[in-house]
Amino acid sequence: MAVRLSSSLPDSTRATARVTLLGLSPEQVAKLNDDRDGRAVDKLFACDQPSLVLALVAHTVREFVVALDELHNDGTSVSFLHFRRSL
């Protein structure tokens, strides 16, 4: 994704922008490509998504010291289905 974000930049600043945006070394930047991006996205879709979201939210709360005293996340969903009986 950083590859796409920086693709509109001139060649002379593209690699520097990728290093700055992601904090990667030049060697790591050289390994960025669409195939790797695609494999990473495939793994995201194949993973246990609720656990991933929980880990991401928990990390964000700790990292940015988010106060949770007024935050409520109700993950409950209810579906109603109506079946008609034929007369």
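Residues numbered from 1 in each chain as written. Predicted model: local features only at pLDDT ≥ 70, side-chain atom pairs only at ≥ 80, totals over all residues. Heavy atoms only, no water.

### Comments concerning the overall build of the protein
Helices and strands together make up the secondary structure of the protein, namely five helices and zero strands. Listing each helix as α and each strand as β along the protein from the N terminus yields α-α-α-α-α. In the protein, buried positions account for 9% of the 87 residues. Just so you have it, the protein exposes about 8200 Å², and 60% of that area is on carbon and sulfur atoms. (Helix = DSSP H or I, 4+ residues; strand = E, 2+ residues; numbered from the N terminus. Buried < 20%, exposed > 50% of the residue type's maximum accessible area, 1.4 Å probe, protein only. Areas by Shrake-Rupley, 256 points an atom, 1.4 Å probe, with all protein chains shown as cover.)

### As for unusual backbone geometry
One non-glycine residue with positive phi stands out, namely Val-65, at about 50 degrees. Positionally, Val-65 belongs in the segment after α5 (49–63). In this structure Val-65 comes out as exposed when scored by relative accessible area, which is 70%.

### A short note on helix α4 (residues 34–46)
Helix length check: α4, at 13 residues, gives a terminal C-alpha distance of 18 Å against a target of 18 Å (1.5 Å per residue), a fit within 8%. The N-cap residue of α4 is Asn-33: its side-chain oxygen and the backbone nitrogen of Asp-35 are 3.0 Å apart. (Expected span 1.5 Å × (residues − 1). Polar contact = N/O pair within 3.5 Å; in protein donor to acceptor, adjacent residues only side chain to side chain.)

### Here we look at the confidence of the model for the protein
Confidence along the protein averages 79 in pLDDT terms, with 80% of residues attaining 70 or more. By mean pLDDT, the top-scoring element of the protein is α5 (91), and the lowest-scoring one is helix α1 (residues 2–6) (52). (pLDDT = per-residue confidence, 0-100.)

### So, a positive patch on the surface
A grouping of Lys-31, Arg-36, Arg-39 and Lys-43 is seen on the molecular surface, where their side chains present a positively charged patch. Relative to the helices and strands, Arg-36 resides in helix α4. (Patch = residues over 30% accessible without salt bridge, like charges linked within 9 Å, V, L, I, M, F, W, Y side chains within 5 Å. Salt bridge = Lys/Arg side-chain N within 4 Å of Asp/Glu carboxyl O. Lys, Arg positive; Asp, Glu negative; His and termini not counted. Charge placed at Lys NZ, Arg CZ, Asp CG, Glu CD.)

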